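Residue-level structural notes
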Amino acid sequence: MTSSRRAILWVALAVAIALPLIAAAQSPLLQWREPVYIIAGFAGIVGLALLLVQPLLITGLLMGSPARRIHVWTGAGLVFAIVVHVAGLWITSPPDVVDVLLFRSPTPFSVWGAVAMWAVFATAILAAVRKRLGLRVWRLGHSAAAVVIVTASVIHAWLVQGAMGDVTKGALCMLVLWAGAWALRRRRVWRMLR
Amino acid sequence: MTTPNPTRRTVVSTAGAAFLIGASGLTRPARAKSLEPTPTMRGGANNYLPGAPIVDRIGGGGFWTTGTVRRAGDGAPLAGRRIQVWAHTTEGHERDARSHGAVLTDANGVFRIEMPQIVPAFGQPHGHLAFDADYDDGDFETVFLRPVLARASDTSLHAEFVLRPL
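The shown structure was predicted, so the numbers you read here are calculated from the model rather than taken from an experiment. (Residues numbered from 1 in each chain as written. Chains lettered and ligands numbered in written order. Predicted model: local features only at pLDDT ≥ 70, side-chain atom pairs only at ≥ 80, totals over all residues.)

1. Describing the overall build of chain B
- Looking only at helices and strands, chain B features one helix and seven strands.
- Listed by position from the N terminus, the elements making up chain B come as α-β-β-β-β-β-β-β.
- Buried positions account for 33% of the 166 residues belonging to chain B.
- Here the analysis covers contacts within chain B between residues at least 6 apart in sequence; of these, 73% occur between residues at least 24 apart. (Helix = DSSP H or I, 4+ residues; strand = E, 2+ residues; numbered from the N terminus. Buried ≥ 20, exposed ≤ 12 C-beta atoms within 10 Å, placed from the backbone. Contact = placed C-beta atoms within 7 Å.)

Right, dumping it as C-alpha cells:
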C-alpha cells in the first residue's frame, strides 16, 4: 500500500472513531448521569472503536511490521475497556449488572453484551496460552471468537438507547462489521479447517 | 362407504398433534370475567428502597406515572393501596432516595403521581413500580413492575396492577 493511501486510511479511521465520541459527548443524557456512569458509557464506545482498529491492524493496512504487536496491546486495551465499562455500570446500579451477568436481565441488548464480553475474555486466555495451542487451534479459536465478539458487540451497541448518536453509532457499527468481515476474508482462516 | 385405513404415519402424527395441543394448554376453556394476576417483571425490584414516603409529587415533577390496582379474578378496584414509584430521572439516579415516592389508590383503584422526567438509563427509558405486601394489609401478593416508555420523549407512563389474593 502506498504511503498516501495509508495516510488517507489513518485519517478516515480517526474520523470514524472521533465522530461517535464527539456526538456522544454532546448527548443531553450526560447531564443527568454521575461521572462514573459517564465513564462506563464512554469505555463502551472506546471498546467498539477498538473493534474497528483490530482487524485493520492485523491485516497490515495501518502499518507494517509492528502491527501484530500493537494488535496484542490494543487487544489488552479492549479487555481493559470492558472491565471499566462493566465496573462503572456495576457501581452505578449493581442489581442491573448482576442480572446481566446471570443472563436474567429484562433488556434484550444486555445478553449480547455479556456474550461479547465472555468471548473477549476467552480470546485473551487463548492468546495467553497460544504457544501451547498450536497454530491451527489458535487461529480457528481466535477467528471464531472474533466473529462472536464483532457480531454481539454491534447488536449490543445498536439496541442500547444511550448517549451515542444514532447516525455516528450506525456508521461505526457498519464499519466494524465491514472491517471484521474483510479481515476474515483476507486472512482466509477457513484454510485451517481442512 | 369407505372404511378409514390409517397408515402408521397418520396415527403417529394425529396422536402427536393431539398431545401437543393438550400439553400446550390450547384446550384450556376461556374463562369469562376472570382477570389473571400481573406477574412481577424481570428486574422490576432493582434498586427498590422499601418504605419511601407517600408524597404529592417526587421532586419538581413534569412527568406523570398513572395506573390502576385491581383484584385478580373479578377485577374489583382496590382502594387505598400503596404503590411506590422510582426511576432514573432528570433529578437523580434510581438508587437515590429522592428518586423514590409512594402514592395511594383512590376509591376507583386509580393512582397518579407526578415526578421528574424519566430519561433513558441502562439502555432503556423505564420506570419501576412496586406493590409491597409488607406495607399493606398483607392480603395480596407483592408485585414489581418495570414498564418501558415507548419513546424517550414520552411525558407519562401507565401501569396496571392485578393483584393475587393471598
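2. Quick notes on the environment of lysine 169 of chain A
Residues and elements named next belong to chain A.
- With respect to the helices, strands and loops of the structure, lysine 169 is situated in helix H8 (residues 166–187).
- Judged by the 22 C-beta atoms lying within 10 Å of it, lysine 169 is buried.
- Lysine 169 sits 150 residues away from leucine 19 along the chain, and the two C-alpha atoms are 9.1 Å apart.
- What lysine 169 contacts, discounting residues up to four positions off in sequence, is Pro20, Ala157, Trp158 and Met164.

3. Description of the UniProt feature "domain: Ferric oxidoreductase" (unreviewed entry) in chain A
- Sites flagged by UniProt as "domain: Ferric oxidoreductase" (unreviewed entry) map to residues 45–151 of chain A.
- In the segment residues 45–151 of chain A, helix accounts for 82% and strand for 0%; the C-alpha atoms at its two ends are 15 Å apart. (UniProt positions renumbered as here; feature names shortened; annotations may be inferred.)

4. Re the nonpolar core
- Ala49, Leu52, Ile149 and Val176 of chain A together with Ile83 of chain B are the most contacted members of the largest nonpolar core, which totals 68 residues.
- For this core, the leading source of residues is helix H2 (residues 35–58) of chain A, giving eleven residues.
- Residues contacting valine 176 of chain A, with those up to four places away along its chain left out, are Leu48, Leu51, Leu52, Val150 and Val154 of chain A.
- Counting residues in hydrophobic clusters, the runner-up holds five residues, among them Tyr37, Ala40, Leu89 and Val100 of chain A. (Core = buried A, V, L, I, M, F, W, Y, C linked by C-beta atoms within 7 Å.)

5. Concerning the sheet that holds strand S7 (residues 156–163) of chain B
All names here are of chain B.
- Spatial strand order, S4-S1-S7: three strands in an open sheet with mixed pairing. The strands lining the two open edges of the sheet, one partner per strand, are strand S4 (110–115) and S7. Taking each pair of neighbouring strands and ignoring which way they run, the sheet shows an average axis angle of 20 degrees.
- As paired strands, strand S1 (residues 63–71) and S7 are joined by eight bridges and run parallel to one another. Within S7, the position partnered with threonine 68 by the bridge is glutamate 160. (Pairing = 2+ DSSP bridges. Axes fitted to C-alpha atoms, helices over the stretch in contact; angles between N-to-C directions.)

6. Concerning the UniProt feature "transmembrane region" (unreviewed entry) in chain A
Residue and element names in this part refer to chain A.
- This chain's UniProt record puts "transmembrane region" (unreviewed entry) on residues 35–58, 70–91, 111–129, 141–161 and 167–184.
- A distance of 34 Å separates the end C-alpha atoms of residues 35–58, which is 100% helix and 0% strand.
- For residues 167–184, the helix share is 100%, the strand share is 0%, and the end-to-end C-alpha distance is 26 Å.

7. A word on the packing of helix H3 (residues 67–92) of chain A against helix H5 (residues 110–128) of chain A
Residues and elements named next belong to chain A.
- Remark: H3 packs on H5, axes separated minimally by 10 Å, with the N-to-C direction vectors making an angle of 140 degrees. Considering their axes alone, H3 and H5 lie oblique with respect to each other. Helix-helix and strand crossings are classified by hand; for H3 and H5 the assignment is left-handed. Of the residues in H5, those touching H3 at Val72, Gly75, Leu78, Val79, Ile82 and Val86 are Met117, Val120, Ala124 and Ala127.
- Of the residues assigned to the contact of H3 with H5, the class counts are nine nonpolar, one polar and no charged. (Parallel < 35°, antiparallel > 145°, perpendicular 65-115°, else oblique. Left-handed = near helix turned anticlockwise from the far one by under 90°. Nonpolar A, V, L, I, M, F, W, Y, C, P; charged D, E, K, R; others polar.)

8. Details of unusual backbone geometry
Residues and elements named next belong to chain B.
- Unusually for a residue other than glycine, asparagine 47 sits at a positive phi of about 65 degrees.
- Assignment of secondary structure puts asparagine 47 in the loop between helix H1 (8–23) and S1.
- Overall, asparagine 47 belongs to the buried group, with 20 C-beta atoms counted inside 10 Å.
- The backbone of phenylalanine 122 shows a phi angle near 55 degrees, a positive value even though the residue is not glycine.
- With respect to the helices and strands, the residue phenylalanine 122 is situated in the loop between S4 and strand S5 (127–131).

9. Topic: the sheet that holds S5 of chain B
Residue and element names in this part refer to chain B.
- In spatial order, the strands read S3-S2-S5-S6; together these four strands make up an open sheet with antiparallel pairing. A single partner strand is all that each edge strand has here, and the edge strands are strand S3 (100–104) and strand S6 (143–145). Each strand axis lies, on average, 20 degrees off the axis of its neighbour in the sheet, ignoring direction.
- In terms of strand pairing, S5 meets S6 through three bridges, oriented antiparallel.

10. Some thoughts on the environment of tryptophan 158 of chain A
All names here are of chain A.
- Along the chain, the position of tryptophan 158 falls in helix H7 (residues 135–159).
- For the pair formed by tryptophan 158 and phenylalanine 109, sequence separation is 49 residues and the distance between their alpha carbons is 8.3 Å.
- Leaving out residues up to four positions away in the same chain, tryptophan 158 has contacts with Lys169 and Cys173.

11. Describing the confidence of the model for chain A
- Residue-level pLDDT values for chain A average 94, and 99% of them are 70 or greater.
- Of all the helices and strands in chain A, helix H6 (residues 130–133) of chain A carries the lowest mean pLDDT, 90, while H2 of chain A carries the highest, 97. (pLDDT = per-residue confidence, 0-100.)

12. Remarks on the interface of chain B and chain A
- Contacts between the two partners involve 17 residues from chain B, matched on the other side by 16 residues from chain A.
- In the side of chain B that touches chain A, the residues fall into six nonpolar, seven polar and four charged.

13. A word on H3 of chain A
All names here are of chain A.
- With 26 residues, H3 should cover 38 Å at 1.5 Å per step; its first-to-last C-alpha distance of 36 Å lies within 8% of that length.
- Buried within H3 are the following residues: Gly75, Leu78, Ala81, Ile82, His85, Gly88, Leu89 and Thr92.
- Buried residues belonging to H3 abut H2, helix H4 (94–101) and H5. (Expected span 1.5 Å × (residues − 1).)

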